[in-house]
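Here are the chains, one letter per residue:
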Amino acid sequence: MDIRELAHHLGLSIGTVSRALNDRKDVSPATRQRVVEAAAKYGYIPNQSGRTLRSGRTGTVGFMLTLEHDSAIHGDPFFMALLEGLQNGLGEHDLDLVVLLARKGEDALTFLRRHVSRGTVDGWVLSGTQHHDPRIPFLLDREIPFVALGRTAIARDYAWIDLNFEGVTADAMTLLTEAGHRRIGLVAPPATINNSHIVVECYRDALARADIPYDPMLVHHGETDESDGEATASELMALPDRPTALLLMGETAPVGAYRALRRLGLEPGRDVAVIGLRDNPACRALSPDLTCFSLDLGDLGLALAQGLVAMLPGPSKAAGPSVQTLWDMTLRPGQSHSVQR
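Here the structure is a predicted model, which means the values were calculated and not measured.

Reading the values: rules and limits
Residues numbered from 1 in each chain as written. Predicted model: local features only at pLDDT ≥ 70, side-chain atom pairs only at ≥ 80, totals over all residues. Heavy atoms only, no water. Axes fitted to C-alpha atoms, helices over the stretch in contact; angles between N-to-C directions. Helix = DSSP H or I, 4+ residues; strand = E, 2+ residues; numbered from the N terminus. Parallel < 35°, antiparallel > 145°, perpendicular 65-115°, else oblique. Left-handed = near helix turned anticlockwise from the far one by under 90°. Contact = heavy atoms within 4.5 Å. Nonpolar A, V, L, I, M, F, W, Y, C, P; charged D, E, K, R; others polar. Pairing = 2+ DSSP bridges. Domains from an automatic or database assignment. Buried area = accessible area lost by both parts, 1.4 Å probe. Salt bridge = Lys/Arg side-chain N within 4 Å of Asp/Glu carboxyl O. Polar contact = N/O pair within 3.5 Å; in protein donor to acceptor, adjacent residues only side chain to side chain.

Relative to each other, helix α10 (residues 226–237) and helix α11 (residues 253–263) sit at 40 degrees, their axes nearing to 6 Å. In terms of their interaxial angle, α10 and α11 are classed as oblique. The way α10 lies across α11 gives a crossing that is right-handed. For the pair formed by α10 and α11, the contact residues are E226, G229, E230, A233, S234 and M237 on the first element and A253, V255, G256, A257, R259, A260, L261 and R263 on the second. Its residues assigned to classes, the contact of α10 with α11 shows 7 nonpolar, 3 polar and 4 charged.

So this is what it looks like as structure tokens:
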């Protein structure tokens with residue numbers, strides 16, 4: 001049943017039916033309820049192409065994902081759980097989520113500019129934020145709604161939600177320094193990624209508080225995936241004054257680090273203390289149980305959806321400042337950090 005047939009069936013004009021379905025205030029509550037019930041009963045679905053032409057809106061939100069650091073650091077389980085929460089939040093406002101995947105090696109701004117010029121979506125969720133991320137001013141200058149999963153060094157006001165890497169690093173370093181460790185290896189994301197700068201700064205602050213000198217040889221920037229975790233652990237253990245503890249700020253880096261340590265005859269949690277970033281499926285089978293941090297990715301996705309919906313045009317638009325939130329993670333102690341020095 002199309003809108004003409006629905007209107008004829010109800011004895012109403014097409015305009016009245018359209019306004020009722022779009023929750024316009026110039027339609028009485030009784031008429032609106034009658035139209036909505038009839039639409040549900042007869043399976044009426046609005047023609048999205050026509051609605052887009054009339055309103056200039058697609059009813060979709062784009063999540064920009066790359067095949068480079070986003071996939072490497074977080075892994076599929078991170079994004080699948082996050083996207084489920086994001087879609088649930090958008091669905092409450094009859095919005096759909098589309099994942100737009102940039103090709104490996106493709107310039108992120110070029111990718112974004114192409115989709116903006118096509119009017120692919122009404123708003124954006126950006127991930128993998130860079131320290132200096134040109135996507136932020138590009139969208140701000142064009143007044144295109146977006147929320148970033150992560151902060152940048154750009155001194156402009158925009159919506160973001162970021163994991164509380166300050167709290168994670170401080171908690172992990174406190175565990176290690178209070179256990180007597182003075183040689184702590186850090187595996188951080190690439191220096192182009194903004195959270196890498198946050199983690200290294202907090203790592204250095206924690207060392208200073210414990211009166212431990214900073215040694216750049218103990219800090220590695222890489223993809224922080226399983227392969228990188230294995231290679232970096234091997235390199236750090238080959239230092240003349242090797243670390244007695246490792247802080248691995250990547251989803252699957254601990255898997256590789258465990259493998260490298262055992263190949264060298266070192267046991268995680270006995271010979272070398274290990275702390276990982278997140279309690280994720282890839283690390284749950286590790287023995288000894290990995291000390292790491294947990295968060296509810298569904299709730300994080302829902303918060304991203306709510307932050308973006310508040311900026312989209314329409315009745316859901318909320319007054320007030322854009323969302324800017326540090327998302328806390330909870331320490332989940334295992335047995336991998338218990339080495340005393």
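Turning to the sheet that holds strand β3 (residues 123–126), a few remarks are in order. Here 6 strands make up an open sheet; going across it, the order is β2-β1-β3-β4-β5-β11 and the pairing parallel. A single partner strand is all that each edge strand has here, and the edge strands are β2 (96–102) and β11 (324–327). In this sheet, neighbouring strand axes are inclined to one another by 20 degrees on average, regardless of whether the strands run parallel or antiparallel. For strand β5 (residues 160–163) and β11, the ladder comprises 4 bridges, and the chain directions are parallel. When the bridges of β11 are listed, W160 appears paired with Q324. Where helix α6 (residues 108–118) meets the sheet, it contacts β1 (60–66), β2 and β3, and its direction lies at approximately 140 degrees from that of β2.

When the domains of the protein chain are assigned, the result is domain 1 (3–46), domain 2 (60–163 + 297–327) and domain 3 (165–294). Here the C-alpha centre of domain 3 lies 29 Å away from the C-alpha centre of domain 2. Across the boundary between the two partners, domain 2 contributes 18 residues, which contact 20 residues of domain 3. Between domain 2 and domain 3, roughly 1,400 Å² of surface is buried when both sides are summed, and carbon and sulfur atoms account for 56% of that area. Put simply, domain 2 and domain 3 have 1 salt bridge between them. Residues R151 and E166 are paired through a salt bridge, measuring 2.8 Å at the closest nitrogen-oxygen approach. Run the count over domain 2 and domain 3 and you get 7 residue pairs in polar contact (both at pLDDT 80 or more). Among the residues making up the side of domain 2 that touches domain 3, the classes are represented as 8 nonpolar, 8 polar and 2 charged.

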